[in-house]
Amino acid sequence: MAGMLEGKVAIVTGGGRGIGRGEALLLAAQGAKVVVNDFGGTTAGEGGAAGPADEVAEEIKKMGGEAVANYGNVVSLADGEAMVKQALDTFGRLDILVNNAGILRDRMVFNMSEEEWDAVIAVHLKGHFTATKFASMVFRQQRSGRIVNTSSESGFGNMGQTNYAAAKEGITGLTRSLALDLGRYGVTANAIRPRAATRLTLSPEMEAARARREQAAQAGQVPAETAAPDVVTGLDALRPELVAPLVVYLCTDDAAEVNGRDFIVGGNEISLVSLPRAERTIYRDGGWDVDTLARVFPTTLGAGLKNPQPPVAGK
Ligand SMILES: NC(=O)c1ccc[n+]([C@@H]2O[C@H](COP(=O)([O-])OP(=O)(O)OC[C@H]3O[C@@H](n4cnc5c(N)ncnc54)[C@H](O)[C@@H]3O)[C@@H](O)[C@H]2O)c1
């Protein structure tokens, strides 16, 4: 297989399903040898099974590529180290790490348990550190490497997702700092905020319809669809595979100048997200006191600001 990543070796965490599966398949189609990591649990991060990682590794081999399954949990530092070791032992090198594994435990903040908070922060935020630490040791030595992290537009703020939004926005800060730690060694780190119809974003019924369509398409059949046509069209438009081309591009040698940035990607659209910067600034010699600030604020920093969730009577 000839492609843009010929001779490279990649790890994709959570590569057994959804967006990660699409990334693993396209990395392989472009010539990379792939360690497909997936612990195979539920969307809430419970249970575990070898099936998803095995299936994607098998798919890659059937395409004529090289892949190996890994069932580690990205929360564990030891499992992160083992993933990197497996890449080195199996394929002799490591060039690319795609941190993608993720779960959800949505809850309004006043109902959220400590366990729900900790689980989401652990899988996303710590889960972006574990394999990265060991991959970066290899990348630093060889003076090259690519890291693609998975954030979310929820990081901009999303109702019922304080745990997830905090972790996802933490990932963009992590990514910008990785870019500064590793850039001098020829390594880049970028983040994506994907949009895709996967089991994480669909209701169980919509996910079942999507899976039926995929199976039918793979078998070369016209699906006997039960979901409404507009739902199906929407699902097709946000096929998880459509996230992968940007990720693959960021992993090529061509993308050397792209470092510490984040992108929204899904369907037909890809956007470069601006870096956060001060929008308006006020100055006062000797600093501000509350009375002066209360007088000046509404016509300067506060001009035009509206509460996105104004109080509702009786709620
Ligand atoms: N689907 C979207 O629209 C969307 C939007 C924004 C962000 N994301 C992010 O994209 C990533 C992929 O999500 P998806 O929609 O493909 O979901 P998915 O559930 O289809 O796939 C996620 C995979 O990660 C694996 N995984 C979960 N926890 C793991 C762990 N601790 N160790 C190893 N593997 C683990 C799961 O088994 C699963 O196969 C996640 O980080 C998610 O937060 C998705």
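The preceding data block contains the structure.
What you see is a predicted model, and the numbers here were worked out from it, not measured in a lab.

Visitor: Sorry, what's going on with the side chain of Asn 100 here?
Guide: Looking at where Asn 100 falls in the secondary structure, it is placed in the loop between β4 (96-98) and α4 (114-124). The class of Asn 100 is buried, set by a relative accessible area of 10%. At 3.0 Å, the side chain of Asn 100 forms a polar contact with the backbone oxygen of Gly 14. Not counting residues within four places of it along the chain, the set of residues in contact with Asn 100 comprises Thr 13, Gly 14, Gly 15, Ile 19, Gly 20, Glu 23 and Thr 150.

Visitor: Would you explain the packing of helix α1 (residues 18-29) against helix α2 (residues 51-62) in this entry?
Guide: One can describe the packing of α1 onto α2 by two numbers: an axis separation of 10 Å at closest approach and a directional angle of 25 degrees. Regarding the angle of α1 to α2, the classification is roughly parallel. Our pair here, α1 against α2, has a crossing hand that is right-handed. Contacts from Arg 21, Ala 24, Leu 25 and Ala 28 of α1 reach α2 at Val 56, Glu 59 and Ile 60. Looking at the contact of α1 with α2, its residues break down into 5 nonpolar, no polar and 2 charged.

Visitor: Before we go on, may I ask you to explain the packing of aromatic side chains in this structure?
Guide: Aromatic ring pairs are reported here in terms of the distance separating the ring centres and the angle at which the planes meet. Using the criterion set out here, one finds 0 aromatic pairs in the structure. Sitting over the face of the ring of Phe 134, Lys 133 holds its NZ or CZ atom 5.6 Å from the ring centroid.

Visitor: When you look at the site of the ligand in this model, what are you seeing that I'm missing?
Guide: Of all residues adjacent to the ligand, which total 30 residues, the nearest are Asp 38, Asn 73, Asn 100, Tyr 164 and Thr 198. In this structure, an oxygen atom belonging to the ligand sits 3.5 Å away from a main-chain N or O atom of Gly 41. About the coverage of the ligand: the protein hides 97% of its 820 Å² of free accessible area. Tallied by class, the residues present in the shell around the ligand amount to 10 nonpolar, 15 polar and 5 charged.

Visitor: Would you mind going over the nonpolar core with me for this structure?
Guide: A general tendency of soluble globular proteins is for nonpolar side chains to be buried together. Of all hydrophobic cores here, the largest spans 32 residues; its most connected members are Leu 27, Val 34, Val 36, Ile 60 and Ile 192. Secondary structure elements with two or more residues in this core: β1 (9-12), α1, β2 (33-37), α2, β3 (67-70), β4, α9 (244-250) and β7 (262-266). Ranked by residue count, the leading element in this core is α1, at 5 residues. If we skip the residues at most four places from it in the chain, Ile 60 touches Ala 24, Leu 25, Ala 28, Val 34, Val 36, Gly 65, Glu 66 and Ala 67. Membership of the second largest hydrophobic core comes to 29 residues, among which are Val 9, Met 83, Leu 97 and Tyr 185.

Visitor: What should I look at first to understand the pairing of β1 in this one?
Guide: The two faces of a sheet get side chains in turn, since along a regular strand they alternate between them. Both faces of β1 are covered, namely the face carrying Val 9 and Ile 11 and the face carrying Ala 10 and Val 12. Where β1 meets β2, 4 bridges bridge the pair, whose relative direction is parallel. The residue of β2 that forms the bridge with Ile 11 is Val 35. Where β1 lies against β4, 3 bridges are found, and the strand directions are parallel. By the bridge assignment, Ala 10 is partnered in β4 with Ile 96.

Visitor: Explanation requested: the packing of helix α3 (residues 77-91) against helix α5 (residues 130-142) in the structure shown.
Guide: The description of two packed helices rests on the angle between their axes and on the distance between the axes. Running from amino to carboxyl end, α3 crosses α5 at an angle of 40 degrees, the nearest separation of the two axes being 7 Å. Accordingly, the angle class assigned to the pair α3 and α5 is oblique. Judged by the twist between their axes, the crossing of α3 over α5 is right-handed. Between α3, through Leu 77, Gly 80, Glu 81, Met 83, Val 84 and Leu 88, and α5, the contact on the second element is made entirely by Thr 130, Ala 131, Lys 133, Phe 134, Ala 135 and Val 138. Tallied by class, the residues present in the contact of α3 with α5 amount to 8 nonpolar, 2 polar and 2 charged.

About the thresholds
- Residues numbered from 1 in each chain as written.
- Predicted model: local features only at pLDDT ≥ 70, side-chain atom pairs only at ≥ 80, totals over all residues.
- Heavy atoms only, no water.
- Helix = DSSP H or I, 4+ residues; strand = E, 2+ residues; numbered from the N terminus.
- Buried < 20%, exposed > 50% of the residue type's maximum accessible area, 1.4 Å probe, protein only.
- Polar contact = N/O pair within 3.5 Å; in protein donor to acceptor, adjacent residues only side chain to side chain.
- Contact = heavy atoms within 4.5 Å.
- Axes fitted to C-alpha atoms, helices over the stretch in contact; angles between N-to-C directions.
- Parallel < 35°, antiparallel > 145°, perpendicular 65-115°, else oblique.
- Left-handed = near helix turned anticlockwise from the far one by under 90°.
- Nonpolar A, V, L, I, M, F, W, Y, C, P; charged D, E, K, R; others polar.
- Phe/Tyr/Trp six-rings, centres within 6.5 Å; stacked < 30°, edge-to-face > 60°.
- Lys NZ or Arg CZ within 6 Å of the ring centre and 35° of its normal.
- Near = heavy atom within 4 Å.
- Areas by Shrake-Rupley, 256 points an atom, 1.4 Å probe, with all protein chains shown as cover.
- Core = buried A, V, L, I, M, F, W, Y, C linked by side-chain atoms within 4.5 Å.
- Pairing = 2+ DSSP bridges.

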